[in-house]
Amino acid sequence: MAASIVPPEGEHLTTGWEPDLDPADTLVRQAVLVNASWPVEVARSAGRPCRAGPRWAGGWIGDRGALTNPVVLTQPLSDPSPTLAEIGELFPAEVPYLLVNPWPSPDLRAHGLVLIGHPPLMVRLPAPAPDRPGRGTEVREVGDAAELARAERVLVDGYPMPDLEPLEPGDLLGPGILAGATRVWLAWVDGEPVAVAAAHRHAGATLVEYVATLPQARGRGAGAAVTWAATLAHPDEPAVLLASDEGRPVYARMGYVAVERWTAWLRPAA
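Below you will find a few notes about this structure. Predicted model, so just to flag it, every value in this text is computed and none were measured.

1. Brief notes about the pairing of strand S13 (residues 263–267)
With 5 of 5 residues buried, S13 lies mostly within the body of the structure. Alignment of strand S4 (residues 97–101) against S13, held across 5 bridges, turns out to be antiparallel. Opposite Leu98, over in S13, you have Leu266 as the bridge partner. Where strand S5 (residues 114–117) lies against S13, 3 bridges are found, and the strand directions are antiparallel. Along S13, the bridge assignment pairs Gly117 with Ala264.

2. Section: the nonpolar core
With 79 residues, the main nonpolar core has Ile87, Phe91, Tyr97, Leu99, Leu172, Val196 and Tyr256 as its most contacted residues. Element by element, the count of residues in this core is highest for helix H1 (residues 27–45), at 8 residues. Residue contacts for Tyr97: discarding those within four places in its chain leaves Asn69, Val71, Leu84, Ile87, Phe91, Leu113, Trp265, Leu266 and Arg267.

3. A few points about the packing of aromatic side chains
In this description, an aromatic ring pair is defined by two values, namely the gap between the centres and the angle between the planes. One pass over the structure, following the stated rule, counts 4 aromatic pairs. On the basis of an interplanar angle of 90 degrees and a centroid distance of 4.9 Å, the ring pair of Trp17 and Trp103 is categorised as edge-to-face. Here Trp17 is found in the segment before H1, whereas its partner Trp103 is found in the loop between S4 and S5, with 86 residues between them in sequence. Note on Trp17: relative accessible area 14%, which makes it buried. Ring plane angle 85 degrees and centroid distance 5.1 Å describe the contact between Trp38 and Tyr210, whose orientation is recorded as edge-to-face. Taken together, the positions of Trp38 in helix H1 and Tyr210 in strand S10 (residues 205–213) put the pair 172 residues apart, joining distant regions of the chain. Across this residue pair, the class does not change: Trp38 and Tyr210 are buried. A cation over an aromatic ring shows up here: Arg140 above the ring of Trp188, its NZ or CZ 4.1 Å from the ring centre.

4. Focus: the sheet that holds strand S3 (residues 70–73)
Strand order in the open sheet formed by 6 strands is S1-S2-S3-S4-S13-S5, with mixed pairing between adjacent strands. Both outer strands of the open sheet, strand S1 (50–52) and S5, are each paired with one neighbouring strand and no more. Averaged over all neighbouring strand pairs, the angle between strand axes comes to 25 degrees, with direction disregarded. Strand direction decides the pairing type here: S3 and S4, joined by 3 bridges, are parallel.

5. Considerations on the environment of Gly223
Tracing the backbone through its elements, the reader meets Gly223 in helix H4 (residues 222–231). Linking Gly223 and Ser81, residues 142 residues apart in sequence, is a C-alpha distance of 40 Å. Setting aside residues no more than four positions away along its own chain, Gly223 makes contact with Ala195 and Thr213.

6. A few points about helix H2 (residues 80–90)
Buried residues of H2: Pro80, Thr83, Leu84, Ile87 and Leu90, and no others. Down the axis of H2, the buried set is contained in an arc of 100 degrees. They therefore lie on one face. Among the structural elements, S1, strand S2 (56–59), S3 and S4 are those in contact with the buried residues of H2.

7. Description of the environment of Gly10
With respect to the helices, strands and loops of the structure, Gly10 is situated in the segment before H1. C-alpha of Gly10 to C-alpha of Glu41: the two residues are 31 residues apart in sequence and 38 Å apart in space.

Cut-offs used in this document
Residues numbered from 1 in each chain as written. Predicted model: local features only at pLDDT ≥ 70, side-chain atom pairs only at ≥ 80, totals over all residues. Heavy atoms only, no water. Buried < 20%, exposed > 50% of the residue type's maximum accessible area, 1.4 Å probe, protein only. Helix = DSSP H or I, 4+ residues; strand = E, 2+ residues; numbered from the N terminus. Pairing = 2+ DSSP bridges. Core = buried A, V, L, I, M, F, W, Y, C linked by side-chain atoms within 4.5 Å. Contact = heavy atoms within 4.5 Å. Phe/Tyr/Trp six-rings, centres within 6.5 Å; stacked < 30°, edge-to-face > 60°. Lys NZ or Arg CZ within 6 Å of the ring centre and 35° of its normal. Axes fitted to C-alpha atoms, helices over the stretch in contact; angles between N-to-C directions. Arc of directions from axis to C-beta.

Right, here's the structure in full:
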């Protein structure tokens, strides 16, 4: 009986991470691929260097800031050295990058990286949502370079990202991003933009990214309003995001479910 389930010698057994496998093979695969697509899209839209290969994808979006340059592994990291050497060809030593590993991670401290946490991957399957923003909040989709510069300013001030100061328009979001697979929203209160969120579509899933609210507007529903807009950008597809432990309850109230934890490493600037 046991021998009947043993595959023939040499038969390939699908792992779920073959480069040519259907992106929708599993929900986690979709989440990995849409996260990997995001930094490439952001960098490419700004005319910056990027790379998408069989083992990892990332973009050199900016020259400074711990969160500016994500690199997402798309294969389990069995031997870190060749993969980290490839990543080092994209990022000079003086430019930091954030390495996101969806699998249990080997210790990368000997390679000059610093462990910064294990963010939960959260997923929301298609479902109805509130049909109105927070009280006194207006949500508008960003449609041009001027509005995108406002969104960028809210993101840096609200997240916050002080390492990116002084901020110039396009340091994070080049205008070309609006012509691709990414949409951006601003929430306005009393005529001022106070919250931002983006949605990036790839591999049959929507990645919710760059969610931030200015300190003076928190607690008024503006952040939730733009997050709903991004979450429902493609309402018939799952929405995914990487949360902080502090933000996890907020997303849970929106119907997101924590699926697993990934690992984040920082390669600091030399």
